[in-house]
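Here is what each chain is made of, one letter per residue.
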Amino acid sequence: MFGISRITWIKSAVAMAASVVVSVSIVLLLVPLLGGHPDGPGFWMSVLCPMVIGGPASLWQFHQKDVILRQRDELARMHVELEDMHGELRRLHEDLRFKARRDALTGGLNREALFAALGQLGPAHRGPAALLVADADHFKRINDAFGHLVGDEALRRIASSIAHATTGPDVWGRIGGEEFVIFLQPADVTRARAVADALRQAVADVDLVVDGCPVPISVSIGVASIIDGFDPVDVFRRADEYLYQAKAAGRDRIVFDGRELDPLAA
C-alpha cells in the first residue's frame with residue numbers, strides 16, 4: 001500500500017504499540033506520584049497521541065530506511081555488474097590485442113608484430129642467434145591443382161612444423177603468402193642448422209592427401225647467423241637472399257650464410 005512494504009507496516013505498528021504502552025505506563029505511574037489522577041480524557045490522550053504522532057512518524061522513518069537499504073542493495077548489485085562488465089571488457093581487449101598480433105590462418109605472429117618484436121630484440125641482443133626465412137616450394141601449383149583450401153591446410157601444416165621445431169624464447173610468424181620467418185635465440189651454428197634441417201624434413205614428411213592424391217609440400221630455407229645486436233631489416237635481407245639461393249639451387253634445401261648445407265644424417 002502506497003508503495004510501502006508489508007514488513008515496514010508491521011515494524012511501524014510494533015513501534016506504535018510500544019509507544020502507546022510506554023505513554024500509558026507513564027500516565028498510570030507518574031501522574032499518581034505527582035498527586036494527580038489519570039482521568040478518562042488524560043488516559044485516552046496517552047493512547048491517541050502516540051498513535052496520531054508516533055505512528056505516522058515511525059512509518060515514515062521505517063519506509064525511508066527501507067528505501068535507503070533497497071537503493072544501497074541496488075547500487076551494490078550495479079557495482080558488481082559494472083565490475084563484471086569491466087572484467088569482460090578487459091578480456092575482450094586482451095583477446096583483440098592478441099588477435100591483432102596473430103596471423104589468423106597459422107597462429108604465428110603477423111608481419112607487423114613479428115618485425116616489431118625483432119625491432120625490440122635487435123639493439124639489446126647479446127650472444128649468438130639466427131634468422132630463418134622459409135618459403136613453401138611451388139605453392140601456386142598446390143593452389144592450382146588442389147584448391148586454396150588445401151593450400152591453406154598446407155600452410156597450417158608448415159606452421160605446425162615450425163611450432164614443434166622452436167622453443168619458448170624463439171619468435172616466429174608468417175609475413176605474407178607462403179613465407180615464414182623464424183628467429184632462434186639463443187642459437188649457435190649447431191642449433192640453427194639442426195632446427196633448419198628438422199623443419200625442412202618435417203615439412204617434407206607431411207602426409208597431406210586429397211582424394212587419394214598426395215599433396216607434395218616442401219620448403220626452402222635461408223639462414224642468416226647473428227652475433228649480439230642486429231638490425232632486423234639487414235638480417236632479414238641477408239636471410240631472404242640465401243632463401244633465393246636455395247630456390248635457385250633446386251628447392252627443398254637450406255642455404256646457411258651463403259653456403260648450401262647437405263641434409264643432416266637421420
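Here is a short report on the structure shown in this document. (Residues numbered from 1 in each chain as written. Predicted model: local features only at pLDDT ≥ 70, side-chain atom pairs only at ≥ 80, totals over all residues. Heavy atoms only, no water.)

Over its 18 residues, helix α5 (residues 148-165) runs 26 Å from end to end, which matches the ideal 26 Å to within 8%, given 1.5 Å per residue. Of all the residues in α5, the buried ones are Val150, Gly151, Ala154, Leu155, Ile158, Ala159, Ser161 and Ile162. (Helix = DSSP H or I, 4+ residues; strand = E, 2+ residues; numbered from the N terminus. Expected span 1.5 Å × (residues − 1). Buried < 20%, exposed > 50% of the residue type's maximum accessible area, 1.4 Å probe, protein only.)

Now for the packing of aromatic side chains. The geometry of an aromatic ring pair is captured by the separation of the ring centres together with the interplanar angle, meaning the angle of the planes. By the definition in use, this model includes 2 aromatic pairs. With a centroid separation of 5.4 Å and an interplanar angle of 85 degrees, the aromatic rings of Phe115 and Phe236 are classed as edge-to-face. Here Phe236 lies in helix α7 (residues 232-248) and Phe115 lies in helix α3 (residues 111-124), a separation of 121 residues in the sequence. What makes Phe115 partly exposed here is its relative accessible area of 21%. By relative accessible area, Phe236 is classed as buried at 15%. Between Phe183 and Phe230, the aromatic rings sit 5.3 Å apart at their centres with planes inclined by 40 degrees, giving tilted as the arrangement. Note that Phe183 is positioned in strand β3 (residues 179-184) and Phe230 in the loop between β6 (219-227) and α7, a separation of 47 residues in sequence. (Phe/Tyr/Trp six-rings, centres within 6.5 Å; stacked < 30°, edge-to-face > 60°.)

Time to look at the pattern of salt bridges. Think of it this way: side chains of opposite charge can pair up when their charged atoms draw near. As enumerated under the stated definition, the model contains 16 salt bridges in all. A salt bridge links Arg174 to Asp103; the nearest nitrogen and oxygen atoms lie 3.2 Å apart. Remark: Asp103 occurs in the loop between α2 (40-101) and α3 and Arg174 occurs in strand β2 (residues 171-176); sequence separation between them is 71 residues. In the salt-bridge network here, residues are joined through shared partners; they are Glu74, Arg77 and Glu81. (Salt bridge = Lys/Arg side-chain N within 4 Å of Asp/Glu carboxyl O.)

Moving on, we come to the packing of helix α4 (residues 139-146) against α5. Axis separation between α4 and α5 bottoms out at 7 Å; the angle between their running directions is 140 degrees. When the interaxial angle is binned, α4 and α5 end up oblique. Of the residues in α5, those in contact with Phe139, Ile142, Asn143 and Phe146 of α4 are His148, Val150, Gly151, Ala154 and Leu155. Taken together, the residues of the contact of α4 with α5 sort by class into 6 nonpolar, 3 polar and no charged. (Axes fitted to C-alpha atoms, helices over the stretch in contact; angles between N-to-C directions. Parallel < 35°, antiparallel > 145°, perpendicular 65-115°, else oblique. Contact = heavy atoms within 4.5 Å. Nonpolar A, V, L, I, M, F, W, Y, C, P; charged D, E, K, R; others polar.)

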